[in-house]
Amino acid sequence: MSESPIDLMTVVYSIGAFALLVGTIPAIRLLGGGYRGGRFGFLLAIPAVAGISYVSMAFGGGEVLFQGYPVPIERYADWLITTPILVGYAAYIAGMSRTWIIGAAVADALMIVFGGVAVALAPPGQWIGFAASALCHLSLLGVLYGILPSYAQEQPSERRRLARILQNHVGLLWLAYPIVWLFGPGLQAISATAVGIVITFMDVVAKTPYVYFVYRARNVFEKAGPGAPAQGTAARETPAQGPPARGNVQTRPGVAEPSEVPART
């Protein structure tokens, strides 16, 4: 009976790893699809890094007890890499400046670092770390909902729609994480097993659909190759109907050149 939580979490983490690694498929297809300007390597890193971390957790590696509460170190390492990309990529799609993209990613990374500190320390340091992480989270929401829309408004409609989807997917879903932390490692009102199941579900939902949303809207990116339409559109251009150059016209005796044919009324 004592081993059942471990067996359960092995199954949960294995399912999470599989679901996350499935998310690499659309990213790989984007990398090989001949699109330019998508930064798809960063996109691929989101489910790939998370999937690898869940494989490690499934095999029981890296778990540390903080105040008697087991915490997988891989989870925070994963978040420190992938969550800044989630935020930064949404900012990139919205057309935000490099300064804002880096600033949002840094705020996200600090949120994760302070959250990890809050897990490792005993009160009152635990709650100081939680408060610092919460402030970073609030600043991040300020960027997502206060700054990002003004940049996205200047983008073409399809790209603007994608930016809004990514913005809400990150901003709204992440509101649940501090609540889970508060009742989990913070107050320890719910078991580590329950926290692990909930966070696995939220991690999969946060990352695999995110990549799919970008893949589904891939036409917002420029298609590489000669003669490809800009921004992935398939619009056809109507060739010019003007007369050919005089030097290229093949004439026959008694037939007027095109420039000499009178227009019909």
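## Remarks on the confidence of the model for the chain
Interpreting fine coordinate detail is not advised for predicted regions of low pLDDT.
Line of reasoning, step 1. Averaged over all residues, the pLDDT of the chain is 85; the fraction at 70 or higher stands at 82%.
Line of reasoning, step 2. Low pLDDT (under 50) marks residues 227-265, which in the prediction has 19 contacts with non-local residues, meaning those over four places away or in another chain.

## A few points about the packing of helix 2 (residues 24-31) against helix 3 (residues 40-58)
Line of reasoning, step 1. At their nearest, the axes of helix 2 and helix 3 sit 8 Å apart, and the two run at 165 degrees to each other. Classified by the angle their axes make, helix 2 and helix 3 are roughly antiparallel. Every pair of crossing elements has a handedness; the one defined by helix 2 and helix 3 is left-handed. In contact with T24, A27, I28, L30 and L31 of helix 2, helix 3 contributes F40, G41, L43, L44, P47 and A48.
Line of reasoning, step 2. Here the residues of the contact of helix 2 with helix 3 are counted per class, giving 9 nonpolar, 2 polar and no charged.

## Overview of helix 5 (residues 98-120)
Line of reasoning, step 1. When the terminal C-alpha atoms of helix 5 are compared, their 33 Å separation across 23 residues agrees well with the 33 Å that a helix rising 1.5 Å per residue should span.
Line of reasoning, step 2. Taken together, the buried positions of helix 5 are occupied by I101, A104, A105, A107, D108, A109, M111, I112, G115, A118 and V119.

## Digging into the environment of Y92
Line of reasoning, step 1. Note that Y92 resides in helix 4 (residues 73-93).
Line of reasoning, step 2. Contact partners of Y92, with chain neighbours within four places excluded, come to G37, G38, R39, I101 and R159.

## Description of the packing of aromatic side chains
Line of reasoning, step 1. As enumerated under the stated definition, the model contains 9 aromatic pairs in all.
Line of reasoning, step 2. Look at Y13 and Y54: their rings are 5.7 Å apart centre to centre, the planes differ by 70 degrees, and that puts the pair in the edge-to-face class. One end of the pair, Y13, is in helix 1 (residues 4-22); the other, Y54, is in helix 3, and 41 residues separate them in sequence. When sorted by exposure, Y13 lands in the same class as Y54, which is buried.
Line of reasoning, step 3. Both rings, one in F130 and one in W181, keep their centres 4.7 Å apart while their planes meet at 15 degrees; by these two values the pair is stacked. Note that F130 is positioned in helix 6 (residues 125-152) and W181 in helix 8 (residues 176-186), a separation of 51 residues in sequence.

Parameters and conventions
Residues numbered from 1 in each chain as written. Predicted model: local features only at pLDDT ≥ 70, side-chain atom pairs only at ≥ 80, totals over all residues. Heavy atoms only, no water. pLDDT = per-residue confidence, 0-100. Contact = heavy atoms within 4.5 Å. Axes fitted to C-alpha atoms, helices over the stretch in contact; angles between N-to-C directions. Helix = DSSP H or I, 4+ residues; strand = E, 2+ residues; numbered from the N terminus. Parallel < 35°, antiparallel > 145°, perpendicular 65-115°, else oblique. Left-handed = near helix turned anticlockwise from the far one by under 90°. Nonpolar A, V, L, I, M, F, W, Y, C, P; charged D, E, K, R; others polar. Expected span 1.5 Å × (residues − 1). Buried < 20%, exposed > 50% of the residue type's maximum accessible area, 1.4 Å probe, protein only. Phe/Tyr/Trp six-rings, centres within 6.5 Å; stacked < 30°, edge-to-face > 60°.

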